[in-house]
Amino acid sequence: MKTAGIIAEYNPFHNGHQFHMEETRRLTGADYIVVALSGSFVQRGAPALLNKYDRARLALLGGADLVFELPVTSALQSAEGFATGGICLLSGLGVVDEVSCGCELAGSDPDSFSQVVKLLLDEPPAYKKHLASDLTKGMSFPKARESAVTACLGEDAARLLSGPNDILALEYAKAIQKSDSDMHLTLIPRRGSSHESGSISDGYSSATAIRNLLLTSDAANISDLLRPNVPEESYTFLMESFREHRCLGEHDFSDLLFYALTKSRAQLNDFGPANSDLAGRTANQLEHFTGWTEFAALLKTRNRTYTAISRYLTHILLGIRREDLALAAKYHGAPYARLLGLRKEASPVLKAIRQNADIPILTRPAHDRQTLNKTQSRLFELDLQASEIYRQLLQSRSGYEIKSELRQPLITI
């Protein structure tokens, strides 16, 4: 039995994800595909467009066999932390042979990819010197790292740090090596628009473009724009969600964020990066708060990206303090694996996971949480809190009653 793993957000699931799922099965020869999926909030520091159960269902309909939730303390991390959590969760299941990820350039230049992975793992003195110098000049960490790789390996190799999927691929490779896992990384070139493209195309639009369409448009032709870019099952879910106000964006959480910022004003330095001026700047600018995206843009600086700011704000919203991230780091971001959904035909691989996993497997959270230790329980409470905040706002906005987190059944198809 061969099993492939995918770390994903499916925010939302579109044609590019379907292509990746199909290519994963074809190239790896996997009998089963297991997905580690971000939950209610995603890596860029924002609420997911759809709730995690709908996204898990779409993943299953798209070809996944089991979907586990990536803990919120891993989902809301930089690329390195996100990758570490995802890789360690898949490795902890004890059955995953291959990890498949999409990429922009990495798959076409394996030699450069290997060289960059080695450089980032070893961090030789020349690399550290260039990195420190550029950070001192006020560069953001991503730009400084790209500059340091350019100095050590040349521009062609450094191009692997310019695309978000390539950056994640590098971090997955690093995490696999650091964990001494036997898992193999399979790179699949991305098809269609770039990850950050905001324009709708015909067939392979980015998730960013599709989210923008659903969150900002009330045009009558939204159906015509959406249908060519997503599988039929996703199309049905997305159109229903659009009509029933079940698509959520940052702006929907603005009032909750402002309340959390005001309540935590004296403790803002307990969140996000240590020893920075971010907490002070946040407190000083709070009187100018008009909305989530506007405030994140206001706080953005030359050495602090919008995404990093937005993750910081999300940590405050959800009450995830620096000490909680330290607790999660003790488990390499994977203190347990909570199952969200499965195909009925996937019972053999679930049985194998139960027999081989070296992390707790939660299939009935209300019951299984009793098996967690104190630290794992604290981290699980953060997952529950994030999901309940999302659920309550979704329920209020849509008018539909939604079961509380511990009463949600497994998604089964």
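Description of the structure in this document. Everything numeric here is computed off the predicted structure, so don't read it as measured data.

Brief notes about the pattern of salt bridges
Link 1 in the chain: Applying the stated criterion across every chain yields a total of 24 salt bridges.
Link 2 in the chain: Between Glu 80 and Lys 174 there is a salt bridge, with the nearest N and O atoms lying 3.7 Å from each other. Remark: Lys 174 occurs in helix H9 (residues 164-178) and Glu 80 occurs in helix H4 (residues 79-92); sequence separation between them is 94 residues.
Link 3 in the chain: Relative accessible area serves as the criterion here: at 36%, Glu 80 is assigned to the partly exposed category.
Link 4 in the chain: Where Glu 405 meets Arg 338, a salt bridge forms, and the shortest distance between an N and an O atom there is 2.4 Å. Placement of the pair is Glu 405 in the loop between helix H20 (374-398) and strand S10 (411-412) and Arg 338 in strand S8 (residues 337-342), with a sequence separation of 67 residues.
Link 5 in the chain: Glu 405 sits in the buried class, given a relative accessible area of 4%.

Describing the state of the cysteines
Link 1 in the chain: Tallying each qualifying case throughout the model produces zero disulfides.
Link 2 in the chain: Among the cysteines around Cys 101, which has no disulfide bond, Cys 103 carries the closest sulfur, lying 6.0 Å off.

Regarding the side chain of His 315
Link 1 in the chain: Structurally, the position occupied by His 315 is in helix H16 (residues 306-318).
Link 2 in the chain: For His 315, a relative accessible area of 6% corresponds to the buried category.
Link 3 in the chain: The residues contacting His 315, other than those within four sequence positions of it, are Leu 76, Phe 271, Ile 320 and Leu 325.

Some words on H9
Link 1 in the chain: Its 15 residues give H9 an end-to-end C-alpha distance of 21 Å, which sits within 8% of 21 Å, the value for a rise of 1.5 Å per residue.
Link 2 in the chain: Among the 15 residues that make up H9, twelve are buried, leaving the element largely enclosed by the rest of the structure.
Link 3 in the chain: When we look at burial in H9, the residues that qualify are Asn 165, Asp 166, Ile 167, Leu 168, Ala 169, Leu 170, Glu 171, Tyr 172, Ala 173, Lys 174, Ala 175 and Ile 176.
Link 4 in the chain: On the buried face of H9, the contacting elements are strand S1 (3-8), H4, strand S6 (98-103), helix H5 (110-122), helix H7 (141-153) and strand S7 (184-189).
Link 5 in the chain: One or two positions beyond H9, positive phi appears at Asp 180, with a value near 55°.

Focus: the side chain of Arg 145
Link 1 in the chain: Topologically, Arg 145 is positioned in helix H7.
Link 2 in the chain: You can call Arg 145 buried: its relative accessible area is 9%.
Link 3 in the chain: Those residues in contact with Arg 145, other than ones at most four positions away along the chain, are Leu 120, Tyr 127, Leu 131, Leu 161, Ile 167, Glu 171 and Lys 174.

Notes on the packing of H4 against H9
Link 1 in the chain: Relative orientation of the contacting elements H4 and H9 amounts to 50°, with a least axis distance of 8 Å. If you check the angle between H4 and H9, you find them oblique. Note on packing geometry: the crossing formed by H4 with H9 is right-handed. Facing H4, whose interface residues are Ala 79, Glu 80, Phe 82, Ala 83, Thr 84 and Ile 87, H9 presents Ile 167, Leu 168, Glu 171, Tyr 172, Lys 174, Ala 175, Ile 176 and Lys 178.
Link 2 in the chain: Split by residue class, the contact of H4 with H9 holds nine nonpolar, one polar and four charged.

Some points on the nonpolar core
Link 1 in the chain: One finds Leu 66, Phe 68, Leu 90, Leu 93, Phe 113 and Tyr 172 to be the most contacted residues of the largest nonpolar core, which totals 57 residues.
Link 2 in the chain: A total of eight residues in this core trace back to one element, the largest contributor, which is H9.
Link 3 in the chain: The residues contacting Tyr 172, other than those within four sequence positions of it, are Ile 7, Phe 82, Ala 83, Ile 87, Cys 101 and Leu 185.
Link 4 in the chain: Leu 268, Phe 271, Phe 380 and Tyr 390 belong to the second largest nonpolar core, which has 39 residues in total.

What about the pairing of S8?
Link 1 in the chain: Counting buried positions over the six residues of S8 gives six, a clear majority of the element.
Link 2 in the chain: Where strand S5 (residues 66-70) lies against S8, four bridges are found, and the strand directions are antiparallel. Each bridged residue has a counterpart across the sheet, and for Leu 66 the counterpart in S8 is Leu 342.
Link 3 in the chain: For S8 and strand S9 (residues 361-362), the ladder comprises two bridges, and the chain directions are parallel. What sits directly across from Ala 337, in S9, is Ile 361.
Link 4 in the chain: Note that the unit made of S8, helix H18 (residues 347-356) and S9 has a crossover that is right-handed.

Calculation notes
Residues numbered from 1 in each chain as written. Predicted model: local features only at pLDDT ≥ 70, side-chain atom pairs only at ≥ 80, totals over all residues. Heavy atoms only, no water. Salt bridge = Lys/Arg side-chain N within 4 Å of Asp/Glu carboxyl O. Helix = DSSP H or I, 4+ residues; strand = E, 2+ residues; numbered from the N terminus. Buried < 20%, exposed > 50% of the residue type's maximum accessible area, 1.4 Å probe, protein only. Disulfide = S-S within 2.5 Å. Contact = heavy atoms within 4.5 Å. Expected span 1.5 Å × (residues − 1). Axes fitted to C-alpha atoms, helices over the stretch in contact; angles between N-to-C directions. Parallel < 35°, antiparallel > 145°, perpendicular 65-115°, else oblique. Left-handed = near helix turned anticlockwise from the far one by under 90°. Nonpolar A, V, L, I, M, F, W, Y, C, P; charged D, E, K, R; others polar. Core = buried A, V, L, I, M, F, W, Y, C linked by side-chain atoms within 4.5 Å. Pairing = 2+ DSSP bridges. Right-handed = clockwise from strand over helix to strand, strands pointing away.

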